[in-house]
Amino acid sequence: MNTSGKIWRDKNGVCHVEGQDWREVFALMGYAHGKDRGMQLLLMRILGQGRASELLDSSDEMLEIDTFFRRMNWTGSVSAEIEKLTPDAKELSEAYCDGVNRAFSEKIPWECRLFGFTPEPWCIDDSILISRMIGYLTLAQSQGEMERLLIEFVQAGMDETRLNELFPGILGGLDMDLIKKIKLQQRLVSPTSLWNIAAPVAMASNNWAVSGKKTVSGKPILANDPHLEVNRLPNVWYEMALKTVDTYAIGGTMPGAPALLVGRNPQLAWSATYTFMDGTDSWIEQCKDGNYRREPDQWAPFAERKEIIKRKKKDPVTVTFYENRHGVLEGDPNQDGYYIATAWAPSFSGAVTFNSLVGMLDAGTVTEGMALLGRVETSWNFIMADKEGNIGYQMSGLMPKRRQGVSGFVPLPGWEGKNDWQGFEDPEDLPRCYNPDCGYLVTTNQNLNDFGAVDPINVGMGPYRSDRIGKLLSEDNEITRETMFRLHFDVYSIQAESFMKILAPLLPDTREATILKNWNFEYSADSKGACLFDRFYRALYREVFGEHGFGTDAVDYIDQHTGMFNDFYVNFDRILLSEQSSWFGGRTREDIYRQAAEKALKSPPRKWGDTRKVILKNIIFDGKLPKFFGFDRGPITIIGSLATPHQGQIFESAGRQTTFAPSFRMVTDLSTDEIYTNMAGGPSDRRFSKWYCSDLENWIAGRYKKIDASVDQEKLPFK
């Protein structure tokens, strides 16, 4: 790789690169990713290719992980995607790959020697694989899990009244008798192992922007805090300042992807949260003798895809996947019966996404940004702001066109052609908004269908976080960066306030009840009220959905080992807050609340923070090394809860502790040329680098560092 560019660190260790043009800059971006996050890059690729059993660990758990990724087949149809890249996007992607390979030619991560493999060269195929992984894990996955839960509920004998109350307005096409015939191969309420090591587990995020009429500077201010798994090192994000002779772009990148995912250039800033667009559908396939039924009464063979999974020091395993136009079948069609085939709309994507993100480097206005980001194939809520004073919101994602009357949530008969996808919706019909009269925009993974001509969201997160942020923004017309910093750390729960209006009058005159009555609805580290309310909330789940619903064991498993209650709690809260419900089993809401409170208030509370301590574990060794080796850090305290602006979630997933909190915080005022950030980690994945975990104290304390594109600042060598 020949380049006249420069690479250095600022005083906080953030990588800055300078080049004559974007090609030189992207070559240095790849080099920086290869040097600072080489192991993260390689682990992501190994997982996405389904080769962890071959290169890392031949355990049965790893075989299950490989089987999952082989099923997804994200390495398929890559050559077709490369042909769709614009000349600029292809040139920059190739430059990025050259940079990664230059870094690996100088030195590969020592962990490669530990595992006994030499990495193959990085290529555009790998970056397309990474883009698909970023768009799916575990966000789009959770949508598919909720649809699977519907199948399990039907098969467990749940009546249609309760189903409609839990999933209002989205059960069009429901055939309960047919769903009962489906042979599920893997049920949710059983241990699974899909996420491990480098895969970035994601759950939620906040982003918002205010127009200049509400700020002290007179220009828009934009904020973002993606909620990802924080109990891992390195952090998923890698901050960079990218500069050419004419322009700059600063913000957050993810190793493996040649793009600035969130950040700004001189004229335009952009931020992202995930949206629960329903881009995952399942069809019921009637199978016989290896074939599937087609309309009206014909049979066709599945395409067979055989995958050989090599295993270290063990015999290889051959897995056969059966595919048709509806995706991959879950089951063996040679055994007669009804199975489901599932497809994710962006499974064969990448090129259009890269084309759009490359275009953002030089985009100058919100309208340009909306046009570009609306074409991103995976589903995100993008909020933008520009120096001209405009703010805007645009949802992205390939949203399937479905026949009228069905939402995509219910599995439909695959042999009826009318149930097939009929193309994808136009980005301009997806939810979007430009310069709202209120002067601000907020997305927190809530239902945003009202902003569009179509309804992409069937089940989403509750509006509590967006309501809280919106309330505070609406009341303030002198907003500054510091206002946004405080909002990032806000732990007030509108959800808890809603429940306490019902509960407070029912509480007895006891010490614990008095603490709960006097609680200020804040999930701060020293709060005892937060601990008591959390106990009550969980007891309420068990009373309603356990004792008289789908069983306490199932409720406990979903609560402790999946993110389903955390993702889609609004569906359950809607029932819990109702005056009457078929889920109450003939009891009154007040009686149920009293019973749950009695169980929750039996023992003295602890401080919320005492129950929220976690260790940040190295993605390779996962806590297996003694603490004094320094690969793991902490414990740290996770403040907040699932419904507070500062989200704080802790649960077990696939046998390991998972946490979701603001992994990376960013604020930028368009009156300047800088961003302010902190992150739970540091720039490097090298344990013995001073930058391994250099920003964690800032992240805990709420201190923000400044990143700007000026070259007349202290420059530290990049090493």
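Below is a summary of the structure that appears in this document. All figures in this text were calculated on a predicted structure; none of them were measured in a lab. (Residues numbered from 1 in each chain as written. Predicted model: local features only at pLDDT ≥ 70, side-chain atom pairs only at ≥ 80, totals over all residues. Heavy atoms only, no water.)

As for the packing of aromatic side chains
Considering all chains together, one arrives at 43 aromatic pairs under this definition. Both rings, one in Tyr136 and one in Trp344, keep their centres 4.8 Å apart while their planes meet at 70°; by these two values the pair is edge-to-face. Here Tyr136, found in helix 8 (residues 124-136), pairs with Trp344, found in strand 16 (residues 337-344); they are 208 residues apart in sequence, far enough to count as distant. Summarising the burial analysis for this pair, Tyr136 and Trp344 share the class buried. Residues Phe533 and Tyr537 carry aromatic rings whose centres are separated by 6.1 Å and whose planes lie at 15° to one another, so their mutual orientation is stacked. With a gap of four residues between them, Phe533 and Tyr537 both fall in helix 18 (residues 528-550), about one helical turn apart. (Phe/Tyr/Trp six-rings, centres within 6.5 Å; stacked < 30°, edge-to-face > 60°. Helix = DSSP H or I, 4+ residues; strand = E, 2+ residues; numbered from the N terminus. Buried < 20%, exposed > 50% of the residue type's maximum accessible area, 1.4 Å probe, protein only.)

Re the packing of helix 2 (residues 38-49) against helix 8
The angle between the axes and the distance between the axes are what describe a pair of packed helices. As a packed pair, helix 2 and helix 8 sit with axes 10 Å apart at the nearest point and diverge in direction by 80°. The angle between helix 2 and helix 8 places the two elements in the roughly perpendicular class. Where helix 2 abuts helix 8, its residues Met44, Arg45, Leu47, Gly48 and Gln49 lie against Asp126, Leu129, Ile130 and Met133. (Axes fitted to C-alpha atoms, helices over the stretch in contact; angles between N-to-C directions. Parallel < 35°, antiparallel > 145°, perpendicular 65-115°, else oblique. Contact = heavy atoms within 4.5 Å.)

Focus: the sheet that holds strand 22 (residues 613-618)
In space, the three strands of this open sheet follow the order 5-22-23, with mixed pairing throughout. Whereas interior strands pair on both sides, the edge strands pair on one side only; in this sheet they are strand 5 (232-233) and strand 23 (633-637). One ladder, built from three bridges, connects strand 22 with strand 23; its direction is antiparallel. Bridging from a neighbouring strand, Lys613 pairs with Thr637 of strand 23. (Pairing = 2+ DSSP bridges.)

Concerning the pattern of salt bridges
As enumerated under the stated definition, the model contains 37 salt bridges in all. Residues Asp278 and Arg402 are paired through a salt bridge, measuring 3.9 Å at the closest nitrogen-oxygen approach. Taken together, the positions of Asp278 in the loop between strand 9 (268-274) and strand 10 (280-288) and Arg402 in the loop between strand 18 (391-395) and strand 19 (412-413) put the pair 124 residues apart, joining distant regions of the chain. Assigned by exposure class, Asp278 and Arg402 land together as buried. A salt bridge links Asp490 to Arg468, with the shortest nitrogen-to-oxygen separation between them at 2.9 Å. Highlighted residues: Asp490 in the loop between helix 15 (481-488) and helix 16 (494-503) and Arg468 in helix 14 (residues 464-474), separated in sequence by 22 residues. Summarising the burial analysis for this pair, Asp490 and Arg468 share the class buried. (Salt bridge = Lys/Arg side-chain N within 4 Å of Asp/Glu carboxyl O.)

A short note on the pairing of strand 16
Among the eight residues in strand 16, seven count as buried, and that is most of the element. For strand 10 and strand 16, the ladder comprises eight bridges, and the chain directions are antiparallel. Within the sheet, the bridge partner assigned to Gln286 lies in strand 16 and is Tyr338. Between the end of strand 15 (residues 327-330) and the start of strand 16, which pair antiparallel, lie six residues, with Gly331 showing a positive phi angle near 140°.

A closer look at the packing of helix 16 against helix 22 (residues 589-600)
Between helix 16 and helix 22, the shortest axis-to-axis distance is 10 Å and the interhelical angle comes to 105°. One finds that helix 16 runs roughly perpendicular with respect to helix 22. Residue-level contacts link Phe499, Ile502 and Leu503 of helix 16 to Arg589, Tyr593 and Ala597 of helix 22. A per-class count over the contact of helix 16 with helix 22 returns five nonpolar, no polar and one charged. (Nonpolar A, V, L, I, M, F, W, Y, C, P; charged D, E, K, R; others polar.)

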